[in-house]
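Structural features, examined
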Amino acid sequence: MAAKKKSIFDLINMKKAGEQVSWVTAYDFPTASFAEQAGMDMILVGDSLGMVVLGYSGTNPVTMEDCISHCKAVRRGAPNTFIAGDMPFGSYQVSDEDAVFNACRFIKEAQTDSIKLEGGVRVKSRIKAITGAGIPVIGHIGLTPQSSGQLGGFKAQGRDVRSAKSLIEDAGAVQEAGAFAILVEAVPPELTDFLCKYLTIPVFGIGAGPADGQLLICGDMLGLFQAFTPKFVKQYAKVAEAEINAFKAYIDDVKAKKFPSDEHVYHVIDPIEAFNELFKQYKPGCP
Ligand code: KIV
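Because the structure is predicted, anything quoted here is derived from the model rather than measured. (Residues numbered from 1 in each chain as written. Predicted model: local features only at pLDDT ≥ 70, side-chain atom pairs only at ≥ 80, totals over all residues. Heavy atoms only, no water.)

Tallying secondary structure elements over the protein chain gives eleven helices and eight strands in all. Its C-alpha atoms give the protein chain a radius of gyration of 24 Å, more than 25% over the compact-globule value 19 Å for 287 residues. When the backbone C-alpha atoms are referred to their principal axes, the protein chain occupies close to 85 × 40 × 35 Å. For the protein chain, contacts bridging at least 24 residues in sequence account for 57% of all contacts bridging at least 6. Of the roughly 15600 Å² of accessible surface on the protein chain, a fraction of 58% belongs to carbon and sulfur atoms. Between the mean site of the 29 positive side-chain charges and the mean site of the 33 negative ones, the protein chain shows a separation of 3 Å. (Helix = DSSP H or I, 4+ residues; strand = E, 2+ residues; numbered from the N terminus. Rg over C-alpha atoms; globule rule 2.2 N^0.38 Å. Contact = heavy atoms within 4.5 Å. Areas by Shrake-Rupley, 256 points an atom, 1.4 Å probe, with all protein chains shown as cover. Lys, Arg positive; Asp, Glu negative; His and termini not counted. Charge placed at Lys NZ, Arg CZ, Asp CG, Glu CD.)

Written out as structure tokens, the structure is:
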């Protein structure tokens, strides 16, 4: 029997009980289904889909339509798993109204359980507005890819005291605004440990050391994304390698006429003599 879908209260209680939350990204039906079958607590339909499945060099070109479409596929693949939809660049930057409108689309059209957005103090009013509309929010601070230009690239954050102080203030703002959880990306484990104690909401980490739960990008942990692998990733499979080898073996079989063989064809059901009579009525090369 499928495990019961986690609620935000289950996730909050897991922190209280010292139980770790497992979280992975997925962007399509099969991956979502495999994650659910494996017993994953949460799935993020991240805007990392821009890099992992759409082939962009960053996340900013990803649109609301891309996100909604991929969230729908993930929901179909994992009907009993808590899903967070990632708000793409431009969907919440302009105003609180825009943010609520687009957050509602995730819940209404794609039936996600929550949304995630990037930023701390500067998105406090957005988080307040979205939670005010009854939508569970996950904050995201540290290395925030949508503003990586402002951060000087894809760099670890909070490594000096000044930057750590600003992240602590961001984390406080996210909790105060009503988010039920926060994701901390690419910060030193000492800071993550402090945040886990400082905040009452669950602190999930990606490249941030031990936390209340962990997130990895499926493309990284499955060995599917080839452009680069961040230092913090543990690779659990070599899917790209397996796919390339499978394609090579198929090409070899096709070229050598080893595929298809007898086991891969549909045989006639009328006597073969009847087919031979039929074929005689047509001259090869003269349709
Ligand atoms: O889009 C995403 O997958 C994310 C992770 C990088 C945390 O936001």
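Quick look at the packing of helix α6 (residues 124-132) against helix α7 (residues 161-177) now. Between α6 and α7, whose axes approach to 8 Å, the crossing angle comes to 20°. Comparing the axis directions of α6 and α7 gives the class roughly parallel. Pair α6 / α7 crosses with right-handed handedness. Side by side, α6 and α7 meet where Lys124, Ile127, Lys128 and Thr131 of the first sit next to Ala173, Val174, Glu176 and Ala177 of the second. Across the contact of α6 with α7, the residue classes break down as four nonpolar, one polar and three charged. (Axes fitted to C-alpha atoms, helices over the stretch in contact; angles between N-to-C directions. Parallel < 35°, antiparallel > 145°, perpendicular 65-115°, else oblique. Left-handed = near helix turned anticlockwise from the far one by under 90°. Nonpolar A, V, L, I, M, F, W, Y, C, P; charged D, E, K, R; others polar.)

The subject of this paragraph is the side chain of Asn102. If you trace the backbone, Asn102 turns up in helix α5 (residues 96-110). Residue Asn102 is classed as buried on the basis of its relative accessible area, which comes to 9%. Leave out the neighbours within four places in its chain, and Asn102 touches Met64, Met87 and Ser91. (Buried < 20%, exposed > 50% of the residue type's maximum accessible area, 1.4 Å probe, protein only.)

Pairing within the closed barrel is parallel, and its eight strands lie in the order β1-β2-β3-β4-β5-β6-β7-β8. Here the strands of the sheet are splayed against their neighbours by 25° on average, with no regard to which way each runs. As paired elements, strand β2 (residues 42-45) and strand β3 (residues 82-86) share four bridges and run parallel to each other. Bridge pairing in β3 links Ile43 to Ile83. (Pairing = 2+ DSSP bridges.)

Glancing now at the nonpolar core. Counting residues in hydrophobic clusters, the biggest one holds 72 residues, and the most contacted among them are Trp23, Ile115 and Ile130. Sequence-distant contacts of Trp23, that is, excluding residues within four places in its chain, are made with Met40, Met42, Ile43, Leu44, Ala84, Lys116, Ile138, Leu183, Phe204, Gln214, Leu215 and Leu216. (Core = buried A, V, L, I, M, F, W, Y, C linked by side-chain atoms within 4.5 Å.)

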